[in-house]
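Okay, here's what each chain looks like letter by letter:
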Amino acid sequence: AQSVTQPDIHITVSEGASLELRCNYSYGATPYLFWYVQSPGQGLQLLLKYFSGDTLVQGIKGFEAEFKRSQSSFNLRKPSVHWSDAAEYFCAVGEEGGGADGLTFGKGTHLIIQP
Amino acid sequence: GAGVSQSPSNKVTEKGKDVELRCDPISGHTALYWYRQSLGQGLEFLIYFQGNSAPDKSGLPSDRFSAERTGGSVSTLTIQRTQQEDSAVYLCASSLVGANVLTFGAGSRLTVL
């Protein structure tokens, strides 16, 4: 069965500092990987996705993520965070073609931005 | 519609009552999912609809939970005889058939007193 681990429940960074959120997955085949962001009281918004090809993917809001098959990781990065980046971030894995279970999500990382 | 619409956005109910949560997916999206998000937890898959096929109910936590999708569009999640542990945010998402990119609604926050 597929699974996603986000080791950090909370992360606090200063505004303007760089950010890396960790994500490790377990999946038997080539995974489809996603990062979603959830602001308070909102649904989930897709930041970026990896299906195949270049292992460094660019997303919205200046985020990027790198797929490392050898480490089963798909870490999210941003060079300089803004106060508006404070939110809950979810990593997810899915299978080709969608599949009945949709996506399997990690438990999320709560990002706090210090002024 | 332009996005996935869910209603109500907030629902407070008493233990033992039934509740209905509604999801209106993006027009043309044949796949529809319900997830449950409990405090401090990730998203728990509940049920999946694809076109006119029988839904995948493998994630429903008990027989108090049911869902239907009428005309391949709007879906209703029903929770009967609600319990306090049902308190959560219920998220609906839709996608094109065969696609992995899910578009989520803003969710329905259920509080069972």
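Keep in mind the model is a prediction, meaning the values are calculated, not measured.

An account of the environment of Ser 94 of chain B is needed here, citing residue identities and associated values.
All names here are of chain B. Structurally, Ser 94 can be placed in strand S8 (residues 88-95). Owing to a relative accessible area of 0%, Ser 94 belongs among the buried residues under this scheme. As a C-alpha pair, Ser 94 and Ile 79 span 15 residues in sequence and 21 Å in three-dimensional space. Those residues in contact with Ser 94 that sit more than four places away from it in its chain are Val 4, Pro 25, Ile 26, His 29, Ala 31, Leu 32, Val 101, Leu 102 and Thr 103. Within the local environment of Ser 94, its side chain forms a polar contact with the backbone nitrogen of Ile 26, the two atoms lying 3.5 Å apart.

Report on unusual backbone geometry, specifying residues and quantitative values.
Following Ser 7 of chain B, the chain continues to Pro 8 of chain B via a peptide bond in cis, the omega torsion being -10 degrees. Residues other than glycine seldom take positive phi values, yet Lys 61 of chain A does so here, at roughly 60 degrees. Counting through the fold element by element, Lys 61 of chain A comes out in the loop between strand S7 (56-58) and strand S8 (64-68). For Lys 61 of chain A, a relative accessible area of 44% puts it in the partly exposed group. Not every positive phi belongs to a glycine, and Ser 72 of chain A is a case in point at roughly 50 degrees. By secondary structure assignment, the location of Ser 72 of chain A is in the loop between S8 and strand S9 (73-78).

An account of the state of the cysteines is requested, with residue identities and associated values reported.
Taken as a whole and judged by the stated rule, the model has 2 disulfides over all chains. Between the sulfur atoms of Cys 23 of chain A and its disulfide partner Cys 91 of chain A the distance amounts to 2.0 Å. Taking the torsion about the S-S bond as the criterion, the Cys 23 of chain A to Cys 91 of chain A disulfide, at about -65 degrees, is left-handed. On the criterion of sequence distance, the pair formed by Cys 23 of chain A in the loop between strand S3 (19-21) and strand S4 (24-26) and Cys 91 of chain A in strand S10 (residues 87-95) is long-range, its members being 68 residues apart. The side chain of Cys 23 of chain B participates in a disulfide bridge whose partner is Cys 92 of chain B; the two sulfur atoms lie 1.9 Å from each other. Measuring the twist about the S-S bond at about -65 degrees, one finds the Cys 23 of chain B-Cys 92 of chain B disulfide to be left-handed. Here the residue Cys 23 of chain B occupies a position in strand S3 (residues 19-24), and Cys 92 of chain B occupies one in strand S8, the gap between them amounting to 69 residues. Taken as a pair, Cys 23 of chain B and Cys 92 of chain B share a single burial class, namely buried.

Scoring rules and cut-offs
Residues numbered from 1 in each chain as written. Chains lettered and ligands numbered in written order. Predicted model: local features only at pLDDT ≥ 70, side-chain atom pairs only at ≥ 80, totals over all residues. Heavy atoms only, no water. Helix = DSSP H or I, 4+ residues; strand = E, 2+ residues; numbered from the N terminus. Buried < 20%, exposed > 50% of the residue type's maximum accessible area, 1.4 Å probe, protein only. Contact = heavy atoms within 4.5 Å. Polar contact = N/O pair within 3.5 Å; in protein donor to acceptor, adjacent residues only side chain to side chain. Disulfide = S-S within 2.5 Å.

Any functional reading would require information that these geometric values do not contain.
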